[in-house]
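# Examining the three-dimensional arrangement
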Amino acid sequence: MPPNLTGYYCFVSQKNLESYLQALNINMALRKIAPLLKPDEETDHRGSHVTVKTLSTFRNVLEFEVGVEFEEDLRMTEGRKLQTALDTDSPARGTA
């Protein structure tokens, strides 16, 4: 059984975020704003269902089933949609 990830996660620090976003071809305005945000996350993990609420200026709710591919709509921030699958045994993978 996967570990239960339910909890409140506080932002601690970041390094080189702007360079990372530039490598992802994120527009300059967002690259300048993102390092100013200090988002916390609230996660509710029940069985294979996970809900992640990002608590910052740009609030976001992400719901998915562990191990099942789902579509993330990132058009507001990145201008694209992403197919993602998350599981407890391997790193996240996604395709634009």
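About the cut-offs
- Residues numbered from 1 in each chain as written.
- Predicted model: local features only at pLDDT ≥ 70, side-chain atom pairs only at ≥ 80, totals over all residues.
- Heavy atoms only, no water.
- UniProt positions renumbered as here; feature names shortened; annotations may be inferred.
- Helix = DSSP H or I, 4+ residues; strand = E, 2+ residues; numbered from the N terminus.
- Buried < 20%, exposed > 50% of the residue type's maximum accessible area, 1.4 Å probe, protein only.
- Contact = heavy atoms within 4.5 Å.
- Areas by Shrake-Rupley, 256 points an atom, 1.4 Å probe, with all protein chains shown as cover.
- Pairing = 2+ DSSP bridges.
- Axes fitted to C-alpha atoms, helices over the stretch in contact; angles between N-to-C directions.

The name an unreviewed UniProt entry assigns to the protein is Lipocalin/cytosolic fatty-acid binding domain-containing protein, from the organism Monodon monoceros. Under the Sequence similarities (unreviewed entry) heading, UniProt states for the protein: "Belongs to the calycin superfamily. Fatty-acid binding protein (FABP) family."

### Some details on the overall build of the protein
Looking only at helices and strands, the protein features two helices and seven strands. Ordered by position from N to C terminus, the α and β elements of the protein give β-α-α-β-β-β-β-β-β. Relative to its 96 residues, the protein shows a buried fraction of 22%. Residue pairs in contact within the protein that sit at least 24 positions apart in sequence constitute 24% of those at least 6 positions apart. Working note: accessible area of the protein is about 7200 Å², and carbon and sulfur atoms make up 54% of it.

### Some details on unusual backbone geometry
Its identity is not glycine, yet N16 carries a phi of approximately 60 degrees, on the positive side. Residue position: N16 is located in the loop between β1 (7-9) and α1 (17-23). Residues other than glycine seldom take positive phi values, yet N25 does so here, at roughly 65 degrees. Checked against the element boundaries, N25 lands in the loop between α1 and α2 (28-33).

### What to know about the sheet that holds β1
Hydrogen bonding along the main chain pairs the strands of a sheet, whether they run parallel or antiparallel. Pairing is antiparallel across the open sheet formed by four strands, whose spatial order is β1-β2-β3-β4. Edge positions in the open sheet fall to β1 and β4 (60-65), since each of these has one partner strand only. On average, each strand axis in the sheet is tilted by 15 degrees relative to the strand beside it, whichever way the strands run. Note that strand β2 (residues 40-46) and strand β3 (residues 49-55) share seven bridges and pair antiparallel. Within β3, the position partnered with D44 by the bridge is T51.

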